[in-house]
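Fold and geometry: a report
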Amino acid sequence: MTRIEVSIRGERPGDEEAIDAVVSRAFGKMDEANLVRMLRDRQSGFDPDLSVCAWSGERLVGHTGLLPVSLRLLGRTVRAAVVAPVAVIPECQRQGIGAAMLAWGHRAAMERGIVLTFLNGHPGYYPRHGYAACFGFAGVTVDPERLPAPGPVLQAWPVRIEDIPWLRECDDREWREVDFSWPRGGRLSEWTIEGVNAVLWRTGDGRRAAYTLARAGQAFSGGTLDAILGDDPALIRQLLAQLRPARLNHHHPAGWLARQVLGPAWAICTASRSDAAMACPIQPGVLDEYLAAVESGRRLPGTTNWPIPFIMC
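The shown structure was predicted, so the numbers you read here are calculated from the model rather than taken from an experiment.

Now for unusual backbone geometry. Most peptide bonds adopt trans geometry, and most residues besides glycine take a negative phi value. If you check the backbone angles, Arg 244 has positive phi at about 55° while not being a glycine. Mapping Arg 244 onto the fold places it in the loop between α5 (233-243) and β14 (247-249). The backbone of His 250 shows a phi angle near 65°, a positive value even though the residue is not glycine.

So, on to the confidence of the model for the chain. Summarising the model, the chain shows a mean pLDDT of 94, and 99% of its residues fall at 70 or more. Element-level mean pLDDT values for the chain span from 77 in helix α8 (residues 308-312) up to 98 in strand β2 (residues 51-56).

Judged by nonpolar contacts, the single largest core of 56 residues is most densely connected at Leu 116, Phe 118, Phe 180 and Leu 287. In terms of residues, this core owes the most to one element, strand β3 (residues 59-73), which gives seven residues. Not counting residues within four places of it along the chain, the set of residues in contact with Leu 116 comprises Leu 71, Leu 73, Val 78, Arg 79, Ala 80, Ala 81, Phe 180, Cys 280, Pro 281, Ile 282, Val 286 and Leu 287. In this structure, Trp 201, Leu 225, Trp 256 and Ala 267 belong to the second largest nonpolar core, which totals 24 residues.

Taken together, the four strands give an open sheet; going across it, the order is β9-β10-β11-β13, and neighbouring strands pair in antiparallel fashion. In this open sheet, the two strands that pair with only one neighbour each are β9 (155-157) and β13 (227-229). Taken pair by pair, the neighbouring strands of this sheet meet at an average axis angle of 25°, ignoring direction. Sheet topology note: the strand β11 (residues 208-215)/β13 ladder contains three bridges and is antiparallel. When the sheet's bridge partners are listed, Leu 213 is paired in β13 with Ala 227.

This paragraph deals with the pattern of salt bridges. Charged atoms that come close allow side chains of opposite charge to pair. Per the counting criterion, the structure on display carries 18 salt bridges. The shortest N-O distance in the salt bridge between Asp 205 and Arg 207 comes to 3.5 Å. Asp 205 sits in the exposed class, given a relative accessible area of 60%. Taking relative accessible area as the criterion, Arg 207 reaches 45% and is therefore assigned partly exposed. Bridged by salt links that share partners, the residues Arg 25, Arg 59 and Glu 91 form one connected network.

One open sheet holds the four strands; their spatial order is β12-β14-β8-β15, and the pairing between them is mixed. What marks the edges here is a single partner per strand, and that holds for β12 (224-225) and β15 (267-273). Relative to β14, β12 is paired through two bridges, and the arrangement is parallel. Across the sheet, the residue bridging to Leu 225 is Leu 248, located in β14.

This next bit is on the environment of Met 278. Examined against the element boundaries, Met 278 turns out to sit in strand β16 (residues 277-281). Residues Met 278 and Gly 130 lie 148 residues apart in sequence; the distance between their C-alpha atoms is 9.4 Å.

What follows deals with the side chain of Gln 43. Within the element layout of this structure, Gln 43 appears in the loop between α2 (31-42) and β2. The residues contacting Gln 43, other than those within four sequence positions of it, are Met 38, Leu 67, Arg 187, Glu 190, Pro 307 and Pro 309.

The next subject is the packing of aromatic side chains. Applying the stated criterion across every chain yields a total of 11 aromatic pairs. Centroid distance Phe 135 to Phe 180: 4.5 Å. Interplanar angle 10°. Geometry classified as stacked. Taken together, the residues Phe 135 in the loop between β7 (132-133) and β8 (136-142) and Phe 180 in the loop between α4 (164-175) and β10 (196-202) connect sequence positions 45 residues apart. Note on accessibility: Phe 135 and Phe 180 belong to one class, buried. Directly above the aromatic system of Trp 256 lies the positively charged group of Arg 173, at a separation of 5.9 Å from the ring centroid. It is Arg 202 that lies over the ring of Trp 157; its NZ or CZ is 5.5 Å from the centre.

A few words now on the side chain of Ser 274. Following the sequence through the fold, Ser 274 ends up in the loop between β15 and β16. For Ser 274, a relative accessible area of 16% gives the class buried. In this structure Ser 274 touches Ala 133, Phe 135, Gly 136 and Phe 137, once residues within four positions along its chain are discounted.

Relative orientation of the contacting elements helix α1 (residues 16-27) and α2 amounts to 145°, with a least axis distance of 8 Å. Only Glu 32, Ala 33, Val 36, Arg 37 and Arg 40 of α2 make contact with α1, whose side of the interface consists of Glu 16, Ile 19, Asp 20, Val 23, Ser 24 and Phe 27. Of the residues in the contact of α1 with α2, the class split is five nonpolar, one polar and five charged.

Criteria and thresholds
Residues numbered from 1 in each chain as written. Predicted model: local features only at pLDDT ≥ 70, side-chain atom pairs only at ≥ 80, totals over all residues. Heavy atoms only, no water. Helix = DSSP H or I, 4+ residues; strand = E, 2+ residues; numbered from the N terminus. pLDDT = per-residue confidence, 0-100. Core = buried A, V, L, I, M, F, W, Y, C linked by side-chain atoms within 4.5 Å. Buried < 20%, exposed > 50% of the residue type's maximum accessible area, 1.4 Å probe, protein only. Contact = heavy atoms within 4.5 Å. Pairing = 2+ DSSP bridges. Axes fitted to C-alpha atoms, helices over the stretch in contact; angles between N-to-C directions. Salt bridge = Lys/Arg side-chain N within 4 Å of Asp/Glu carboxyl O. Phe/Tyr/Trp six-rings, centres within 6.5 Å; stacked < 30°, edge-to-face > 60°. Lys NZ or Arg CZ within 6 Å of the ring centre and 35° of its normal. Nonpolar A, V, L, I, M, F, W, Y, C, P; charged D, E, K, R; others polar.

Now the structure itself:
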């Protein structure tokens with residue numbers, strides 16, 4: 001195979017269709033292409049200069065993206081970037097193009113003050129490029145049969161722009177002590193978009209009770225919620241008794257929900273490290289204190305509260 005030469009640059013207006021084609025061809029489906037599209041269109045931190053494109057002449061042959069985010073780590077906030085899938089068209093794979101895009105993206109991220117990058121990806125590929133498993137996944141297993149009896153019915157309302165300040169306060173309360181989580185922003189599209197079941201639950205007199213997020217068509221009773229937020233433990237327990245889910249994804253034992261809302265008789269919250277949940281320190285030593293705390297058992301592995309585009313992928 002003749003090795004092709006590529007030039008690498010950030011995304012420019014008009015590249016969108018070519019990026020769609022590269023990502024869909026690389027993975028043989030549209031899930032990852034839709035993810036890249038939604039990160040561009042829906043996330044406030046998107047930076048086209050970190051949407052990395054590899055060109056062979058006039059042909060786009062590879063793409064990856066780094067989305068800048070604020071990341072919580074040991075109770076402080078650091079500047080980080082989440083890495084979108086590394087995609088190379090099939091006939092150009094195994095030529096080092098993915099490695100070149102990651103290296104270029106890391107350098108560009110470092111120039112912007114980003115101290116680490118992270119992702120959920122293939123453990124056989126990314127460790128070759130500086131990534132190591134260091135966080136994981138968390139969630140709550142619920143015994144619906146042991147939940148309290150339902151109280152007054154809470155009503156489902158659409159999420160509106162005026163709800164965003166309250167939602168951001170609830171999000172900060174839930175996640176501020178969880179490593180590898182990041183704060184949600186002020187765009188409505190970060191809280192509700194087409195194809196997801198995002199609900200603002202209210203009491204009979206109109207007070208906000210809770211926010212829930214689930215995949216479209218997901219049955220609540222015996223099903224899964226991808227997020228539940230609120231500020232009143234009694235109202236959240238009332239909603240859980242009403243919906244009776246069997247699983248709450250993405251909630252961590254260090255989070256507010258586990259500490260203030262869940263009852264040990266009916267809910268078990270766990271967090272575990274995953275080989276697929278990896279990070280790469282752009283600034284040397286940035287992860288050392290966190291890793292030492294996890295290895296010693298002083299801190300549980302962190303988990304990422306993936307935004308809606310990642311949940312839908």
